[in-house]
Amino acid sequence: MNALTQLFPGALMILGACFVPLFRGRARSAYVLALPLLSAAHLALFSLGHQGSATLFGYTLELVRVDALSRIFGVIFHIAAFLCCLYAFHVKRPLEHVATLVYAGAAIGATFAGDLLTLFVFWELTALSSVFLILARGLDEPERRERVFRVSMRYLVIQVGSGVLLLAGTLLYYQGTRSLHFGRMNLEESPGALFIFLAFGIKAAFPLLHNWVQDAYPEASVSGTVVLASFTTKLAIYALARGFAGTDVLIPIGACMTAFPIFFAVLENDLRRVLAYSLNNQLGYMVVGIGVGTELAINGAAAHAFAHILYKGLLLMSMGAVLYRTGTIKASELGGLHKSMPLTTAFCIIGALSISAFPGLSGFVTKSMIVSAVGEAHLLVIFGVLLFASAGVCDHSGIKIPFFTFFAHDQGWKVQEAPKHMLLAMGLAAALCIGIGVFPSALYALLPFPEAAAQYHAYETTHVLTMLQLLFFAGLAFITLVRLGVYPPELPAINLDTDYFYRRPLKRFVVESYALASWVRERTWGMALGLRGRALASLRRNHEPPRGRLGEPWTAGATTLFAALMLFTLLLLTSSAGCGGGEDAEANDARLLLDRVGAIEGVPEQAFEARMERVEVLRRLPLRGESLIAVREACAEMHGALLEADVQNALIHSIGAPDEDTPAEELARLERAFTAAEAAAARVVVHRDACVDGTATLRARYAPDRRGSE
Amino acid sequence: MSDAREPLPESAIERNAVNIQRAVVGVCVLLLLADVAFTFLGHRHTHFGFEGYIGVYALVGFVSYVGLVLSAKLLRKLVMRPEDYYDAPVVAAAPVSEPAPVSEPAPATEVAPDTTEDPS
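Calculation criteria
Residues numbered from 1 in each chain as written. Chains lettered and ligands numbered in written order. Predicted model: local features only at pLDDT ≥ 70, side-chain atom pairs only at ≥ 80, totals over all residues. Heavy atoms only, no water. Buried < 20%, exposed > 50% of the residue type's maximum accessible area, 1.4 Å probe, protein only. Helix = DSSP H or I, 4+ residues; strand = E, 2+ residues; numbered from the N terminus. Pairing = 2+ DSSP bridges. Contact = heavy atoms within 4.5 Å. Patch = residues over 30% accessible without salt bridge, like charges linked within 9 Å, V, L, I, M, F, W, Y side chains within 5 Å. Areas by Shrake-Rupley, 256 points an atom, 1.4 Å probe, with all protein chains shown as cover. Salt bridge = Lys/Arg side-chain N within 4 Å of Asp/Glu carboxyl O. Axes fitted to C-alpha atoms, helices over the stretch in contact; angles between N-to-C directions. Parallel < 35°, antiparallel > 145°, perpendicular 65-115°, else oblique. Left-handed = near helix turned anticlockwise from the far one by under 90°. Nonpolar A, V, L, I, M, F, W, Y, C, P; charged D, E, K, R; others polar. Disulfide = S-S within 2.5 Å. Buried area = accessible area lost by both parts, 1.4 Å probe. Polar contact = N/O pair within 3.5 Å; in protein donor to acceptor, adjacent residues only side chain to side chain. Phe/Tyr/Trp six-rings, centres within 6.5 Å; stacked < 30°, edge-to-face > 60°. Lys NZ or Arg CZ within 6 Å of the ring centre and 35° of its normal. Core = buried A, V, L, I, M, F, W, Y, C linked by side-chain atoms within 4.5 Å. pLDDT = per-residue confidence, 0-100. Expected span 1.5 Å × (residues − 1).

## Some thoughts on the pairing of strand β2 (residues 59-65) of chain A
All names here are of chain A.
Right, on to step 1. When you tally the buried positions in β2, you get six out of seven residues, the bulk of the element.
Right, on to step 2. Relative to β2, strand β1 (residues 51-56) runs antiparallel, the two being bridged by six bridges. Each residue of the ladder has a partner; that of Thr 55, found in β2, is Thr 60.

Below, the structure written as structure tokens:
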């Protein structure tokens, strides 16, 4: 049992994925389905508050951190991984199964990563593994190969770019704060925090950084799109909730995300692309919730992500089934499918009602928390935008998706119902959507702030009534517009989005500059090139394959892959070596402790909130060994008291020196502040020796040179 | 895709398309009545002043929806391009002008009311 908790959650899926190609036929299907279940059982072994650490190149890494926030994302990622594997049961090629399992495992690993470096490794692994889900479609449909390859590369550039930003931010952040701990960050605190924020923002599809979602997701295979839509963006939501909860700028960003994509969703013809726009809109609600940052809002964001993965997965599964049976997913070519695919229709409608937040289904009980939190914060404009966006969701996901696929005018499709395993996966997802809607308390108990969630009642009469009014009148508007003939028809066309800028003008710029550069080079360096050519030819003769393997050119992709694999292997090694108990465990704990104490000292004196948070992190740091715990207590007490003294001092300064005019209550405040400051100073003296001596001893023993040399 | 295929026989849903629309209208009326009743008998839990009016959410739903769809139609004029837009080379060997944006579709496709919406 202890041995298993030394592996990070999700590790079983990543390691297990390596053996998928060894199995054949039914055995492979069973094996693939079993891995998420095994991994979920593995996750159940971790208790809340579990922390596993390791030391790598002198940096203290926190490979595993289990708390309520990471747990709820870990749980839903496991459910999603299982549903995705079930849905992809028909896929014969092992490539997609391996990619799905590694991708899901990496997303789970990232969720439980306690430090920024570990997060980075998993962050990149999700990018590298998920791209195969898009590439796989080119194998099935050779005529799409070129297009799929191009979209995969665009996707990879943006995903890896996000990882590079995260790494740069991590290094800058470490330089500023002396800590790799992945906790609440302030954008003002360090330029690193801004880089990290942008890295998260790319994956969370912030406005203008969003287009990779709509570009890449609809181009993946039938099952690949379902998988893609489940993990990357929700991992980014988790990361934002962890690092930037209560960051005000997220509120307008999120509001833009709810409103901006729905216009495109109304126009889009590719129904899986409509869902990708709608995914963006749903992420907006979560980002607003994280920006508001109250307990209710963070609960709402986490709950909405949970429900969203299920209903978005359900909708994409139903669209995937339609694509699987008809070979097209364009609204302009579909219609009337409810006659041949009645069960898929029913499941799609459940998903559509869930995403529209119809009372009784999952979206209602989760989105309402975010909207209520915005209401409690009295953000009228944002509240209005969210209501507008709710009506918009009702249009593109609630009405357009089921209506134009399964009803509208019958295009004469005579196809079979979706395969059984797809129906089963959709049925399970639909049952969960209904289950969460009917028994929200089960989900609420998993939320980051369960006490706050227990006090929240989604089924309050005003709320049910107003939501029903909003939805039914939106439906009435649809009927009116269609009957008046003004509802925009579904047309075989594409719509320009921000990808236009890098797919047309930027591409043209690059192509033309390249042409110009070649022209200049040919005219000026012709002779030099001739010489270089001869030198190269001689090199080639000696080093090119088959004579010299190392002479083969390495592509940037291969290098990235190699680097990521190396890092991942190191991580695996340290996770097994680092948590080995006994001496090693103590050394790791000690380094973790030193790291956290150093982190407090790294914060500027006036950043009271940041200091307070660091002290809290230190106070809650789980450690083994009484001597370490004693040092932790002493240091937490000392730094807490120091902080208190500084806060009181700042207060005294702000009141200023008293004179005859000073009112009595000011004097009383001043007196209280003096007393508190003195008491705090006394506490500093009490704990000072224990902390300073304790850390010095630990430093001498476990980290002899690091801090001294800096 | 479908080249002049015969549609399957009409389903119960298609036969009752008009009844479904009537039902939606009926529910809308009931919801407004419920709102009136609730305003006088129950207690409204609101965050903002505007939420206190009867039927305000109905209005928000209807107006937002119509506004969204109509403005999206305008947006279409700006952003719609043929499906193979990105497949065209950015720079041709002989300079060729950028493919012009497609104009609004032929009006023939514009009016094509769906069978379910047929009032008959």
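So that's the structure; there's more coming.
## Quick look at the environment of Phe8(A)
Right, on to step 1. Within the secondary structure layout, Phe8(A) lies in the segment before α1 (11-17).
Right, on to step 2. Residues in contact with Phe8(A), not counting those within four places in the same chain, are Ile14(A), His42(A), Val64(A), Gly109(A), Phe122(A), Phe568(A) and Leu572(A).

## Side note on the environment of Tyr173(A)
All names here are of chain A.
Right, on to step 1. Locating Tyr 173 in the fold gives a position in helix α6 (residues 145-177).
Right, on to step 2. By relative accessible area, which is 2% here, Tyr 173 ends up buried.
Right, on to step 3. Taking the C-alpha atoms as reference points, Tyr 173 and Leu 337, 164 residues apart in sequence, are found 54 Å from one another.
Right, on to step 4. Aside from chain neighbours lying at most four places away, what touches Tyr 173 is Leu 116, Arg 178, Ser 179, His 181, Arg 184, Met 185, Glu 189, Ser 190, Gly 192, Ala 193, Ile 196 and Arg 614.

## Examining a nonpolar patch on the surface
Right, on to step 1. Where nonpolar side chains cluster on the molecular surface, the patch consists of Val25(B), Val29(B), Leu30(B) and Leu33(B) and spans about 370 Å² of accessible area.
Right, on to step 2. Mapped onto the secondary structure, Leu33(B) falls in helix α2 (residues 17-41).

## Thoughts on the packing of helix α10 (residues 250-267) of chain A against helix α11 (residues 271-292) of chain A
All names here are of chain A.
Right, on to step 1. Where α10 contacts α11, the two axes come as close as 7 Å, and the packing angle between them is 165 degrees. Here α10 is positioned roughly antiparallel relative to α11, judged by the angle of their axes. As α10 packs across α11, the resulting crossing turns out to be left-handed. Where α10 abuts α11, its residues Leu 250, Ile 251, Ile 253, Gly 254, Ala 255, Met 257, Thr 258, Pro 261, Ile 262, Phe 264 and Ala 265 lie against Val 274, Tyr 277, Asn 280, Asn 281, Leu 283, Gly 284, Tyr 285, Val 287, Val 288, Ile 290, Gly 291 and Val 292.
Right, on to step 2. Partitioning the contact of α10 with α11 into residue classes produces 17 nonpolar, six polar and no charged.

## Here's the deal with the packing of helix α9 (residues 222-243) of chain A against α11(A)
Residues and elements named next belong to chain A.
Right, on to step 1. Axis separation between α9 and α11 bottoms out at 10 Å; the angle between their running directions is 15 degrees. On the basis of the axis angle, α9 is roughly parallel to α11. You can see that α9 and α11 cross each other, and the crossing is right-handed. In this structure, α9 contributes Val 222, Thr 225, Ala 229, Thr 233, Lys 234, Ile 237, Leu 240 and Ala 241 to the contact, and α11 contributes Arg 272, Leu 279, Leu 283, Met 286, Val 287 and Ile 290.
Right, on to step 2. The residue makeup of the contact of α9 with α11, split by class, is ten nonpolar, two polar and two charged.

## A short note on the state of the cysteines
Residues and elements named next belong to chain A.
Right, on to step 1. Under the criterion given, the structure shown has one disulfide over all chains.
Right, on to step 2. Through a disulfide, Cys 635 is tied to Cys 691; the S-S separation comes to 2.1 Å. Because the sign of the S-S torsion sets the handedness, a value of about 95 degrees for the bond joining Cys 635 and Cys 691 places this disulfide among the right-handed ones. With Cys 635 in helix α26 (residues 626-655) and Cys 691 in helix α27 (residues 664-702), this residue pair connects regions lying 56 residues apart in the sequence.
Right, on to step 3. A relative accessible area of 0% places Cys 635 in the buried class.
Right, on to step 4. Cys 691 gets classed as buried once you look at its relative accessible area, which sits at 2%.

## A look at the side chain of Thr247(A)
Residues and elements named next belong to chain A.
Right, on to step 1. The residue Thr 247 is located in the loop between α9 and α10 in this model.
Right, on to step 2. Overall, the relative accessible area of 11% leaves Thr 247 in the buried class.
Right, on to step 3. Residues within four places of Thr 247 in sequence aside, it is in contact with Arg 184, Leu 187, Ile 290 and Gly 291.

## Some thoughts on the interface of chain B and chain A
Right, on to step 1. In this complex, chain B contributes 66 residues to the contact, which on the side of chain A involves 72 residues.
Right, on to step 2. Counting each side, the surface lost to burial between chain B and chain A is near 6800 Å², with a carbon and sulfur contribution of 69%.
Right, on to step 3. Where chain B touches chain A, the interface holds two salt bridges.
Right, on to step 4. Our count for the chain B to chain A interface comes out at 18 residue pairs in polar contact (both at pLDDT 80 or more).
Right, on to step 5. Elements with a contribution of two residues or more to the side of chain B that touches chain A: α1 (12-15), α2, α3 (56-79), β1 (80-81) and α4 (107-110) of chain B.
Right, on to step 6. The residue makeup of the side of chain B that touches chain A, split by class, is 38 nonpolar, 13 polar and 15 charged.
Right, on to step 7. Strand direction decides the pairing type here: strand β3 (residues 494-495) of chain A and β1(B), joined by two bridges, are antiparallel.

## As for the packing of aromatic side chains
Right, on to step 1. A full pass over the atoms with the stated rule returns 28 aromatic pairs over all chains.
Right, on to step 2. Ring geometry for Phe383(A) against Phe50(B): centres 6.2 Å apart, planes inclined by 65 degrees, an arrangement best described as edge-to-face. Taken together, the residues Phe383(A) in helix α15 (residues 380-406) and Phe50(B) in the loop between α2 and α3 connect one chain to another.
Right, on to step 3. Overall, the relative accessible area of 27% leaves Phe50(B) in the partly exposed class.
Right, on to step 4. Put simply, the rings of Trp123(A), Phe182(A), Phe197(A), Phe200(A), Phe206(A) and Phe244(A) pair up and form one aromatic cluster.
Right, on to step 5. Sitting over the face of the ring of Tyr86(B), Arg503(A) holds its NZ or CZ atom 3.7 Å from the ring centroid.
Right, on to step 6. The ring of Tyr85(B) carries the charged tip of Arg81(B) above its face, separated from the ring centre by 5.7 Å.

## Focus: the nonpolar core
All names here are of chain A.
Right, on to step 1. Core analysis: the biggest nonpolar cluster contains 209 residues, and Phe 200 and Leu 240 have the highest contact counts within it.
Right, on to step 2. Take this core: its biggest share by element is 19 residues, from helix α12 (residues 295-326).
Right, on to step 3. Other than its neighbours up to four places away in sequence, Leu 240 contacts Phe 197, Phe 200, Ala 204, Phe 206, Ala 245, Leu 250, Val 287 and Ile 290.
Right, on to step 4. Core analysis: the second largest hydrophobic core is formed by 22 residues, Ala 590, Val 615, Leu 623 and Met 638 among them.

## Observations concerning unusual backbone geometry
Among all residues except glycine, the phi angle is most often negative; among peptide bonds, the trans geometry is most common.
Residue and element names in this part refer to chain A.
Right, on to step 1. Despite not being glycine, Ala 205 has its phi angle at roughly 60 degrees, a positive value.
Right, on to step 2. A relative accessible area of 1% places Ala 205 in the buried class.
Right, on to step 3. Backbone geometry places Ala 357, a non-glycine residue, at a positive phi of 65 degrees.
Right, on to step 4. With respect to the secondary-structure elements, Ala 357 resides in the loop between α13 (342-355) and α14 (362-376).

## Observations regarding the environment of Arg15(B)
Right, on to step 1. Along the chain, the position of Arg15(B) falls in helix α1.
Right, on to step 2. From its side chain, Arg15(B) meets the backbone oxygen of Glu10(B) in a polar contact 3.1 Å long.

## With respect to the confidence of the model for chain B
All names here are of chain B.
Right, on to step 1. For chain B, per-residue confidence averages 75 on the pLDDT scale, and 71% of positions sit at 70 or higher.
Right, on to step 2. The least confident element of chain B, judged by mean pLDDT, is α4 at 42; the most confident is α3 at 91.
Right, on to step 3. Scored below 50 in pLDDT, residues 93-100 shows seven contacts in the model against residues more than four places distant or in partner chains.
Right, on to step 4. Counting contacts from residues 103-120, a segment whose pLDDT is below 50, to residues more than four positions away or on other chains yields 33 contacts.
Right, on to step 5. Here the complex is predicted with pTM 0.78, and the ipTM for its interfaces comes to 0.75.

## A closer look at helix α7 (residues 191-203) of chain A
Residues and elements named next belong to chain A.
Right, on to step 1. End to end, α7 covers 19 Å across 13 residues, agreeing with the expected 18 Å (1.5 Å per residue, within 8%).
Right, on to step 2. Considered for burial, the residues of α7 that qualify are Gly 192, Ala 193, Ile 196, Phe 197, Ala 199, Phe 200, Gly 201, Ile 202 and Lys 203.
Right, on to step 3. Tucked into the core, α7 has its buried residues touching α5 (116-140), α6, α8 (211-216), α9 and α10.
Right, on to step 4. For α7, the N-terminal capping position is held by Ser 190, with its side-chain oxygen 2.9 Å away from the main-chain nitrogen of Gly 192.
Right, on to step 5. Backbone geometry just downstream of α7 places Ala 205 in the positive-phi region, at approximately 60 degrees.

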